[in-house]
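Given next are the chains, with one letter for each unit.
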Amino acid sequence: MISTENLLFAWIGLALITFLYLLRKNAPYGRHQSPGWGPTIPNRMGWIIMEGFVLLVFWAWFWHLGLPQEPQILILCGLFSLHYLHRSFVFPFRLRTQGKTMPLLIMGSAMLFNLVNGSVLGWDLSQTNRETASTWSFGLGFLLFVLGFALNYAADSRLIALRKPGETGYKIPDGPLFRFISCPNLLGEIMEWGGFALMCGSLAGLSFWIWTLANLLPRALAHHRWYRQRFPEYPGERKAIFPFIL
Ligand SMILES: NC(=O)c1ccc[n+]([C@@H]2O[C@H](COP(=O)([O-])OP(=O)(O)OC[C@H]3O[C@@H](n4cnc5c(N)ncnc54)[C@H](OP(=O)(O)O)[C@@H]3O)[C@@H](O)[C@H]2O)c1
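Overview of the structure. (Residues numbered from 1 in each chain as written. Predicted model: local features only at pLDDT ≥ 70, side-chain atom pairs only at ≥ 80, totals over all residues. Heavy atoms only, no water.)

Helix and strand content of the protein: 8 helices and 2 strands. In the protein, the succession of helices and strands from N to C terminus is α-β-α-α-α-β-α-α-α-α. Taking 18 Å as the expected radius of gyration for a compact globule of 246 residues, we find that the protein reaches 18 Å, a close match to that expectation. Dimensions of the protein, computed from C-alpha atoms along their principal axes, come out at roughly 55 × 40 × 35 Å. Per-residue burial over the protein gives 46% buried out of 246 residues. (Helix = DSSP H or I, 4+ residues; strand = E, 2+ residues; numbered from the N terminus. Rg over C-alpha atoms; globule rule 2.2 N^0.38 Å. Buried < 20%, exposed > 50% of the residue type's maximum accessible area, 1.4 Å probe, protein only.)

Take the environment of M191 next. Secondary-structure assignment places M191 in helix α7 (residues 184-200). Residues M191 and V146, 45 residues apart in the sequence, show an inter-C-alpha distance of 8.8 Å. Beyond its immediate chain neighbours, meaning those up to four positions away, M191 contacts L144, F145, L147, G148 and L151. (Contact = heavy atoms within 4.5 Å.)

Right, let's get into the site of the ligand. Neighbouring the ligand are 25 residues; K100, D156, Y170, K171 and R219 lie closest to it. Between K100 and the ligand, the recorded distance is 2.5 Å, taken from a side-chain N or O atom to an oxygen atom. One of the backbone nitrogen or oxygen atoms of K171 is found 2.7 Å away from a nitrogen atom of the ligand. Here the ligand has 890 Å² of accessible area as a free molecule, and 94% of this is covered by the chains. Counting residues per element, the ones that place at least two in the shell around the ligand are α6 (135-161), α7 and α8 (203-230). No other element matches the 5 residues that α8 contributes to the shell around the ligand. (Near = heavy atom within 4 Å. Polar contact = N/O pair within 3.5 Å; in protein donor to acceptor, adjacent residues only side chain to side chain. Areas by Shrake-Rupley, 256 points an atom, 1.4 Å probe, with all protein chains shown as cover.)

What follows concerns the side chain of R87. Structurally, R87 is set in helix α3 (residues 71-89). Engagement of the side chain of R87 in a polar contact is seen with the side chain of E189, the distance being 2.8 Å. Those residues in contact with R87 that sit more than four places away from it in its chain are W47, E51, P92, N152, D156 and E189.

See the structure below:
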């Protein structure tokens, strides 16, 4: 019989294939959206459906198997829910993207990812006999998660505020968060789920972090290339996602 561990390794292998694909082809939403990707849906609704869905999948495991009472598990469930409650029900209403759409294909593939990822994490955290992270890695992971969440929120807020109400175009992002890199919001998200993986102390948590890297590193490189092509005056010393490195 195939072990759960092998299934998780296969899931991680798929993340690596996705990473290689996304390095060659930009995920077609936001500034990279182009015709030819089939029917579309208003982008705000797309965000709500595709990201709200993972909360249903994740919590279905606890409804089915019961919620373990260890404080570490309760904190992990709380942080996961906090992130996705914000992403599905707050973030979409802050966007200044009147009239924008996203391909149903993007919404569908995000839901497919959320179905597997929400199941992997829900299954992992609902096991009563799982090993928990050491106090050190749990504490360090918590700190990383909180810093990442704050960076992601602050950088997204700055980007959203670049457009005055009613404007639709793009501008060069400025301010301290954008001094060294083009995508501090994506770096914040990578830090969040890296911290979460440390707190989980499990292969399931690690798989989510690897998937986050697979999705967001190519997106940050694509955003960065796009800025350079679009704005000849774009600051030359600015990197894509890791200050001074990439
Ligand atoms: N965990 C994951 O795998 C994952 C995957 C994807 C996204 N996310 C998260 O979802 C959020 C959105 O991601 P994203 O890639 O769509 O972010 P993004 O391209 O940086 O855009 C964020 C918002 O700011 C606007 N914006 C961005 N740059 C702008 C500029 N230069 N001038 C004016 N407006 C600008 C965008 O408008 P437009 O929509 O019109 O471009 C959008 O409304 C991020 O917090 C990201 O971390 C997570």
